[in-house]
Amino acid sequence: MGKLKNSMRKITKKNLMTYICLAIGFVIIQSCSAGGLLTFQIKGLLVPVCIYIICAVALNLVVGISGELSLGHAGFLCLGAYGAAIFSKITNGLIPDPIRFLLALIIGAAVGALFGFLIGIPVLRLNGDYLAIVTLAFCQIIQNLLNVFYIGVDKHGLHVAMQDPTKLELEEGGQVIVKGAQGITGTPKDANFIIGIILVFITLFIVLNLIDSRTGRAIMAIRDNRIAAESIGIDVTKHKLLAFTISAGLVGMAGALYSHNLATLTVAKFDYNTSILILVFVVLGGIGNIRGSIIATVILYVLPELLRGLQTYRMLIYAIVLIVIMLFSWAPGAIAFRQRIMERLKNRGKGVQ
Amino acid sequence: MSFFSYLINGVGLGSVYAIIALGYTMVYGIAKMLNFAHGDVIMIGAYIVFVAMTSLGIPALPSLIVAMIFCLVLGVVIEKVAYRPLRNAASKLAVLITAIGVSYLLQNIALLVFGPNPKSFSNIVKLPPVSIGGINISSTTLVTIAASVVIMLVLTFFVKKTKPGQAMQAVSEDRGAAGLMGINVNGTISLTFAIGSALAAVAGALMCSSYPILDPYTGSMPGIKAFVAAVFGGIGSIPGAMIGGILLGIIENLSKAYISSQIADAIVFAVLIIVLLVRPAGLFGKNVQEKV
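The sections below set out a description of the structure shown in this document.

Cut-offs used in this document
Residues numbered from 1 in each chain as written. Chains lettered and ligands numbered in written order. Predicted model: local features only at pLDDT ≥ 70, side-chain atom pairs only at ≥ 80, totals over all residues. Heavy atoms only, no water. Helix = DSSP H or I, 4+ residues; strand = E, 2+ residues; numbered from the N terminus. Rg over C-alpha atoms; globule rule 2.2 N^0.38 Å. Buried < 20%, exposed > 50% of the residue type's maximum accessible area, 1.4 Å probe, protein only. Contact = heavy atoms within 4.5 Å. Areas by Shrake-Rupley, 256 points an atom, 1.4 Å probe, with all protein chains shown as cover. Lys, Arg positive; Asp, Glu negative; His and termini not counted. Charge placed at Lys NZ, Arg CZ, Asp CG, Glu CD. Axes fitted to C-alpha atoms, helices over the stretch in contact; angles between N-to-C directions. Parallel < 35°, antiparallel > 145°, perpendicular 65-115°, else oblique. Left-handed = near helix turned anticlockwise from the far one by under 90°. Nonpolar A, V, L, I, M, F, W, Y, C, P; charged D, E, K, R; others polar. Buried area = accessible area lost by both parts, 1.4 Å probe. Salt bridge = Lys/Arg side-chain N within 4 Å of Asp/Glu carboxyl O. Polar contact = N/O pair within 3.5 Å; in protein donor to acceptor, adjacent residues only side chain to side chain. Phe/Tyr/Trp six-rings, centres within 6.5 Å; stacked < 30°, edge-to-face > 60°.

## Regarding the overall build of chain B
- Assigned secondary structure in chain B consists of eleven helices and four strands.
- For 292 residues, the compact-globule formula gives about 19 Å, and the C-alpha radius of gyration of chain B, at 19 Å, lands near that figure.
- Counting only C-alpha atoms, chain B reaches 60 × 45 × 35 Å along its principal axes.
- Relative to its 292 residues, chain B shows a buried fraction of 57%.
- The long-range fraction of contacts in chain B, counting pairs at least 24 apart against all pairs at least 6 apart in sequence, stands at 75%.
- Roughly 12,000 Å² of accessible area belongs to chain B as shown, and the carbon and sulfur atoms make up 69% of that amount.
- Positive and negative side-chain charges of chain B, numbering 16 and 8 respectively, have mean locations separated by a distance of 8 Å.

## Considerations on the packing of helix α9 (residues 220-233) of chain B against helix α11 (residues 264-278) of chain B
All names here are of chain B.
- Direction vectors running N to C along α9 and α11 enclose 25°, while the axes themselves pass 10 Å from each other. Taken together, α9 and α11 sit at an angle that is classed as roughly parallel. Read as a crossing pair, α9 and α11 show a hand that is left-handed. Contacts from M221, I224, K225, V228, V231 and F232 in α9 reach D265, F269, V271, L272, V275 and L276 in α11.
- Class assignment of the residues belonging to the contact of α9 with α11 gives a composition of ten nonpolar, no polar and two charged.

## A closer look at the interface of chain A and chain B
- Every contact between the two is made by 42 residues of chain A and, on the other side, 46 residues of chain B.
- Of the roughly 4,000 Å² buried where chain A meets chain B, counting both sides, 78% is carbon and sulfur surface.
- When the area that chain A buries against chain B is broken down by residue, the three leading residues are D129, Y130 and I133 of chain A, summing to 15%.
- On inspection of chain A and its partner chain B, the count reaches zero salt bridges.
- The interface formed by chain A and chain B holds one residue pair in polar contact (both at pLDDT 80 or more) in total.
- Elements supplying a minimum of two residues to the side of chain A that touches chain B: α5 (129-146), α8 (226-231), α10 (272-285) and α12 (313-330) of chain A.
- Counted by class, the side of chain A that touches chain B contains 34 nonpolar, five polar and three charged residues.

## Things to note about unusual backbone geometry
- Of note in the backbone geometry, K32 of chain B takes a positive phi value of approximately 55° without being a glycine.
- Note that K32 of chain B resides in the loop between α1 (3-31) and α2 (38-55).

## Notes on the packing of aromatic side chains
- This structure, assessed with the given rule, holds 13 aromatic pairs over all chains.
- Taking 5.2 Å as the distance between ring centres and 55° as the angle between the ring planes, the aromatic pair formed by Y258 of chain A and F270 of chain A counts as tilted. Here Y258 of chain A is found in helix α9 (residues 236-259), whereas its partner F270 of chain A is found in the loop between β5 (264-265) and α10, with twelve residues between them in sequence. Of the two residues, Y258 of chain A and F270 of chain A, neither departs from the other in class, the shared state being buried.
- Ring centres of Y47 of chain B and F114 of chain B lie 4.1 Å apart, and the angle between their planes is 10°; on these two criteria the pair is classed as stacked. Residue Y47 of chain B is located in helix α2, and its partner F114 of chain B is located in helix α4 (residues 92-114); the two are separated by 67 residues in the primary sequence.

Okay, here's the thing in structure tokens:
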């Protein structure tokens, strides 16, 4: 019992460290920002970094903790963004701004979680690469359908149409909200860095507590050995679905933040490259390592933006760095090589003593 | 256009998917990895044919052979440098991300070398259209269909009847045991990548002959769709990849013609999902019983 208490304290300490580091980072950036030390370019990156941290932590819940590969998280980001933006456009001016934005965030999360649940029911029966390809397919379907999706509003309420905006049959004074491939324009710009950081904290709180809960341990047991977990009475489908839904909901919330940060929202930004971008953050930060996801996101999102001066060589360098890091951190040969070097350094340290 | 000509064009498009899917399915079967860079090898192959024909003035067939050799070497080098060190990595995701890195690398190299502007690809099949029952069918479509059938038959023969082909089957079944039986595992995997990449060059040239716009991102969408086709037919199965590819092409073309060109892709992917839910191993896949 004493041992258990001790280990619990260790986990709490580790989580506290994560929160504290994040808080310190926030204070430093915020004071730099107040002191006018940040360029306009970097200030523009702050909210997107928060968005991608939420996405990476949420995806890590699926990839690292639940052990399922999803290539469809850009789809949930997109749905959350759309849901929240549509809500904000309709109710703009009717509800006080802070309450409207709060509701928009909740709606974004709800839309993401709803679709995560609906997609998860059939899809989570598959596993491994099949699951990856099916989630990728879902992402493509969402993108494809939203590209021809129109919503308008007039005094009779909402009108929805596919493919043809004239089918909306709006009355005079009606307003088209979603314009197919052109997306949604003019969503109120409510997002800022402080709200972004608060949402990152909420995400971390949910994910870290889930991992350390009884449910979280059940999810990890399924990841490590599904058959063994099933044999001791863990409901596999329920737990997988829970992790997937929570993850999709958090990403949907990030989507709401996304749509309230930019004036224009188009589907084209949520293609499979975005899913892969988030996956890269997760894998390079360490699969199952939440703190690693945060660090990797900050470095890997800010780095290419700072390399913009190199223009055409930017993505080339990014690709090479990606391959080299993967080889260096995952190849068994490279791992053995690193260990040899570490040992040699240690021995040298001893020799000096 | 009549239903029949839509159907034939669909089969033509599907044959391109089938050739790409054959490469995908062989590589997946043996290396058990999603080779996301496969679509970009197609793009590189098409660029090589383009340069050889347009800038160097080499006739179509020799250009194609040059491109096949180039892609073959490229595929083997990619496998050796980027994938082989990660073959026994602790997580399968490592090699997936590396493949994505290779895909970005190839796209950006093409972007630097050939520029972002799309090139108009000249058709490698210079034959007049053929008229069957009053419908004109482009000879490119017919050549593509014929090429995919020939490639599938040759590959099936190769895998079933020749020694290197049987080595491939053995390695894909159990890599460790195959190694113990004296099969050169590394060599066999290299051979698979070589064949898959050479096929990618053929697919690239045929695809750009039918849809003559070539830019650094040309390969990525057909690459994904061909993978869908391979999964559709049951991954690892050669006839499965062929039939999956052709079905995919037909579904895509018919939904473009009769439903909507904008949501044709959504329909294709929806069909994939339905098939996988009903038959989780694909149409021709083997259902492996899980043992405790």
